[in-house]
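Examination of the molecular architecture
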Amino acid sequence: MKDAIDFFISRFRSHLDPPHEPAAYFRPRPYRNAAVSFRKCSLADFDERRRTLVEEAGLNVFLFRADRIPGCDLLSDSGTGTMTMEQWAAMLLGDEAYGSNEGYFELKEQIARTFGPSWRQRPGLRTGEHEPLFIFHQGRAAENAFFSVLARELRRFGAPQAKPLSGGLVPELRTRIEHRMRPMRGPVAGDAPFYVIPSNSHFDTTEGNIADKLMVPLNLPCPEHLAGDESFPFRGNMDLAELESLLASERERVPVVYLTVTNNTGGGQPVSMENIRRVREITRAHDVPFFIDACRFAENAWFIRRREPGYADRSIESIVHEMFENADGFHISFKKDGLANIGGALCIREESAFTKRFPKFANELTDYQIMTEGHPTYGGLAGRDLRAIAEGLRTVTRREYLDLRIRQVERFGDRLRRLGIPTINPAGGHAIYIDVDRFFDGGSRDEDLRGVSLTALLLIAGHRFCELGLYAFGAFDGVREIPPEPRVNNVRAAVPRLAYEDRDLLAAAEAVKLIYDHRDRIPAVRVEYGRDLKLRHFKSRYSFVL
Ligand code: F0G
């Protein structure tokens, strides 16, 4: 055996013909395949080339060619789903007028149907007047526009000087905010971050967009999640006591409170209706606007229906309406629960705490949108994309779709768990998160890069997972690593919608098991490039230390 990589390659090869798996699931899927795409390479291709390909990509999963993945591509559930025939048909009907195309009106109407009638433009207004819907080409473009315009609007109140945090803040929270401020000093004295944007947990792009404007993104995951309480049904919740403490003593620092449903950074875990309602009450009591990051709104609603008392007989649609009644605004990537391959939006309620506080916001946002994306009636998307999104929003709240979708992720998680792999339990709605700290029990590898080693080996095994842990969320201050606070250290397997069958996912689970069984042999990696960069996991290159 030449080295550890050769060892793993030989193990992967020996598992290509596993013992017979009895058919485990008798319930037929509520759809059938309408198109398939044959892979361009095979799992049997375990020669030296796979290793070379992975090394050529600097062991970085984002830089690895997708057509060289013979197994499951679980890098993201974003824009990676298979569209329905209805969506493809809708795309053909899309018209490409430069302004006010048909898809725009259809999407506007569908937003109100999906998220509730209060997201419809107020009756009596003309097209373009106080529209709640701002279209963007994807979620992060909406985030970028939102936080750019917000930062500009906040400057209207005068540039706040760096000011110490108030003594009233619970000490633990105070330490966490100071910890976050440390690597983000502004370019000029007195330009240190002043504003704080709390959330149950921000996604990495949201966090990046907030930090880029020298505001502090602050995660307040609930204590049950931090304690790893597997019996708690809503581990995506926000810590309400911490939110209350923050707003009671630092209200002027908080222009908006966010809640991400489901909580992607926190294990794809759902947020309860009770938690949404309480965040609403607390923010209202302090007159602070409340926004939702709605990427996986339908999956979250499914969990509320299944797990929260009083919702078992409710339709998914009515649960979604109730969730969004609470918010002053939301942003969404249609690449998730829009079931589309591209698209995003920001929706702002016309009469809300937000518009009251920032009356010029909508107009400024429209200017920003026109300069960066296009006219508000297409926002960086082709007319046909708008039609596909509207159609996707009609499908995503169907019970039989959500049952299938979330159960599939759950079965994948169950399999990993039964194989002994430490994961965040119960399974989230869109992904399984492997707990890297527990995976490497007793190991002695360079701590912050263990997740990267694991994803590199999985890529050699033929499956693409993603490190969302110490490397993705940590930072390097020039001397040492600053781990995320609270600590997050996962490797995520995100399941694309309507794209894979169970056996594909079970194959990926077996590859994880194989690596787990020999975890003491997993080679360390070193960073060759990019350790000190922002958003470094997208760009870094690594090599194995053998
Ligand atoms: N918010 C959340 C909760 C997300 O999960 C994402 C994307 C975004 C915002 C940004 O949306 O990709 O359309 O710009 N998440 C993907 C993921 C990329 O893999 O989890 P986007």
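Here, the structure is the one placed above.
Model, not experiment: these values are computed from the prediction.

Around the ligand, a shell composed of 17 residues is seen, among which Arg140, Asp293, Ser333, Lys336 and Arg492 lie nearest. Separating an oxygen atom of the ligand from a side-chain N or O atom of Arg296 is a distance of 2.9 Å. Burial of the ligand by the protein chains amounts to 95% of its free accessible area of 470 Å². Given that more than half its atoms are within 2 Å of the pocket grid, the ligand belongs to the largest cavity. Partitioned by chemical class, the residues of the shell around the ligand number 2 nonpolar, 8 polar and 7 charged.

The 5 strands are arranged 1-7-6-5-4 in an open sheet whose pairing can be described as mixed. Edge positions in the sheet fall to strand 1 (133-136) and strand 4 (257-260), since each of these pairs with one other strand and no more. Averaged over all neighbouring strand pairs, the angle between strand axes comes to 15 degrees, with direction disregarded. Of the pairings in the sheet, the one linking strand 4 to strand 5 (residues 290-293) comprises 4 bridges and is parallel in character. Paired with Leu259 across the strands is Ile292, a residue of strand 5. Helix-sheet contacts for helix 10 (residues 273-285) involve strand 4 and strand 5, and the interaxial angle to strand 4 is about 175 degrees.

Before going further, it helps to spend a moment on the side chain of Asp95. Structurally, the position occupied by Asp95 is in the loop between helix 3 (85-92) and helix 4 (102-115). For the buried Asp95, which has no salt bridge, the nearest side chain bearing the opposite charge is Arg387, at an N-O separation of 5.3 Å. At 3.5 Å, the side chain of Asp95 forms a polar contact with the backbone nitrogen of Ala97. In this structure the side chain of Asp95 is engaged in a polar contact, spanning 2.7 Å, whose partner is the backbone nitrogen of Glu102. Excluding residues that lie within four positions of it along the chain, Asp95 makes contacts with Asn101, Glu102, Gly103 and Gly383.

Residue placement: Arg450 occurs in helix 18 (residues 450-461). The exposure class assigned to Arg450 is buried, which follows from its relative accessible area of 7%.

This brings us to the nonpolar core. By size, the foremost hydrophobic cluster in this structure holds 65 residues, and its most contacted members are Phe297 and Phe324. The element best represented in this core is helix 11 (residues 297-307), accounting for 6 residues. When we break this core down by domain, the ones giving at least three residues each are domain 1 (4-70 + 402-545) and domain 2 (105-119 + 144-157 + 172-185 + 196-395). For Phe324, the residues in contact, after removing those within four places along its chain, are Phe115, Trp119, Ile292, Ala294, Phe297, Phe330 and Arg349. Listed in part, the 59 residues of the second largest apolar core include Phe12, Ala427, Ala456 and Ile522.

So, on to the packing of aromatic side chains. Here the distance between the centres and the angle between the planes together describe a pair of aromatic rings. Counted according to the given criterion, the structure contains 27 aromatic pairs. Taking the centre distance of 5.0 Å and the plane angle of 80 degrees together, the rings of Phe146 and Phe147 count as edge-to-face. For the pair shown, Phe146 and Phe147 are each scored as buried. Three or more aromatic residues joined by ring pairs make a cluster, and in this case those are Phe146, Phe147, Tyr258, Phe291, Phe354, Phe358 and Phe361. Directly above the ring of Phe194 sits Arg253, whose terminal nitrogen or CZ lies 4.5 Å from the centroid. We note Arg521 situated over the ring of Phe7; from NZ or CZ to the ring centre the distance is 3.8 Å.

Looking now at the side chain of Asn209. As for its position among the elements, Asn209 is in helix 7 (residues 204-212). Accessibility expressed as a relative area gives 10% for Asn209, which makes it buried. Leave out the neighbours within four places in its chain, and Asn209 touches Arg140, Glu143, Asn144 and Phe147.

Here we come to unusual backbone geometry. Of note, the amide linkage connecting Val261 to Thr262 takes the cis form, showing an omega dihedral of -20 degrees. Along the chain, the position of Thr262 falls in the loop between strand 4 and helix 10. Positive phi, close to 55 degrees, is recorded for Asp287, a residue that is not glycine. Tracing the backbone shows Asp287 in the loop between helix 10 and strand 5. The class for Asp287 is partly exposed, based on a relative accessible area of 34%. At Leu535, a residue that is not glycine, the phi angle is positive and equals roughly 45 degrees. Within the secondary structure layout, Leu535 lies in the loop between strand 13 (524-529) and strand 14 (541-545). Judged by relative accessible area, Leu535 falls into the partly exposed class, the value being 42%.

So, about the packing of helix 16 (residues 399-418) against helix 20 (residues 502-517). It is the contact of helix 16 with helix 20, at a shortest axis distance of 9 Å, that shows an interaxial angle of 30 degrees. Judged by the angle between their axes, helix 16 and helix 20 are roughly parallel. Considering how the two elements wind past one another, helix 16 and helix 20 form a crossing that is right-handed. For the pair formed by helix 16 and helix 20, the contact residues are Gln408, Arg411, Phe412, Arg415 and Leu416 on the first element and Asp502, Leu505, Leu506, Ala508, Ala509 and Val512 on the second. Its residues placed into classes, the contact of helix 16 with helix 20 shows 7 nonpolar, 1 polar and 3 charged.

The next thing to look at is helix 3. Inspection of helix 3 places Gln87, Ala90 and Met91 among the buried residues, and these make up the whole buried set. In a view along the axis of helix 3, the buried residues occupy a sector of 105 degrees, so they form one face of it. In helix 3, the exposed positions that point more than 90 degrees away from the buried face belong to Met85 and Leu92.

Scanning the entire structure with this criterion turns up 51 salt bridges. Among the salt bridges present, the one from Asp448 reaches Arg531, with a minimum N-O distance of 2.2 Å. Taken together, the positions of Asp448 in the loop between helix 17 (436-439) and helix 18 and Arg531 in the loop between strand 13 and strand 14 put the pair 83 residues apart, joining distant regions of the chain. With a relative accessible area of 11%, Asp448 lands in the buried category.

Parameters at a glance
All residue numbers refer to position in the chain's written sequence, counted from 1. Residue-level local features of this predicted model are given only where pLDDT is at least 70; pairs of side-chain atoms are given and counted only at 80 or more, and the full residue set underlies all totals for whole chains, interfaces and linings. Side-chain measures here rest on the full set of heavy atoms in the structure, leaving out hydrogens and waters. We define proximity as follows: a residue is near a molecule or strand when any one of its heavy atoms falls within 4 Å of that partner. Think of a polar contact as two N or O atoms within 3.5 Å of one another; within protein, one of them needs to be a possible hydrogen donor and the other a possible acceptor, and neighboring residues in sequence only count if both atoms come from side chains. Residue exposure ignores everything except the shown protein chains as possible cover, and the areas themselves are Shrake-Rupley values with a 1.4 Å probe. A pocket here means an open set of points on a 1 Å grid, computed over the protein atoms alone, that has protein on both sides within 12 Å along at least five of seven lines. A cavity is instead a set of points where a 1.4 Å probe fits but cannot get out; residues with an atom within 4 Å of a point line either one. Any molecule with more than half of its atoms within 2 Å of a cavity's or pocket's grid points is counted as sitting in it. Under the scheme applied, nonpolar residues are Ala, Val, Leu, Ile, Met, Phe, Trp, Tyr, Cys and Pro; charged residues are Asp, Glu, Lys and Arg; polar residues are all the others, including Gly. One bridge is not enough; two strands pair if DSSP finds at least two bridges between them. The secondary structure listing takes helices from DSSP runs of H or I that are at least 4 residues long and strands from runs of E that are at least 2 residues long, numbered from the N terminus. A fitted line through C-alpha atoms represents every axis, and for helices the fit uses only the stretch in contact; the resulting angles, taken between N-to-C directions, go from 0 to 180 degrees. Two residues qualify as a contact provided that any one of their heavy atoms is within 4.5 Å of a heavy atom in the partner residue. Burial classes follow relative accessibility: with a 1.4 Å probe on protein chains only, a residue under 20% of its type's maximum area counts as buried, one over 50% as exposed, and anything between as partly exposed. Neither His nor the chain ends is counted toward charge; the positive residues are Lys and Arg and the negative residues Asp and Glu. Take a side-chain nitrogen of Lys or Arg and a carboxyl oxygen of Asp or Glu: if they are within 4 Å of each other, that pair is a salt bridge. Buried Ala, Val, Leu, Ile, Met, Phe, Trp, Tyr and Cys residues form a nonpolar core when they are joined through side-chain atoms within 4.5 Å. An automatic or database domain assignment supplies the residue ranges for each domain. Between rings of Phe, Tyr and Trp, where Trp is taken as its six-membered ring, a pair exists when centres lie within 6.5 Å; planes separated by under 30 degrees are stacked, by over 60 edge-to-face, and by other angles tilted. Either the NZ atom of lysine or the CZ atom of arginine qualifies as a charge over a ring when it sits within 6 Å of the ring centre and within 35 degrees of the ring normal. Our angle categories are set so that under 35 degrees counts as roughly parallel, over 145 as roughly antiparallel, 65 to 115 as roughly perpendicular, and the remainder as oblique. Crossing handedness is defined as follows: a turn of the near helix away from the far one that is anticlockwise and smaller than a right angle gives a left-handed crossing, while the clockwise case is right-handed. When we speak of the arc, we mean the arc of directions from the helix axis to the C-beta atoms.

Shape is all these values report; function is a separate question.
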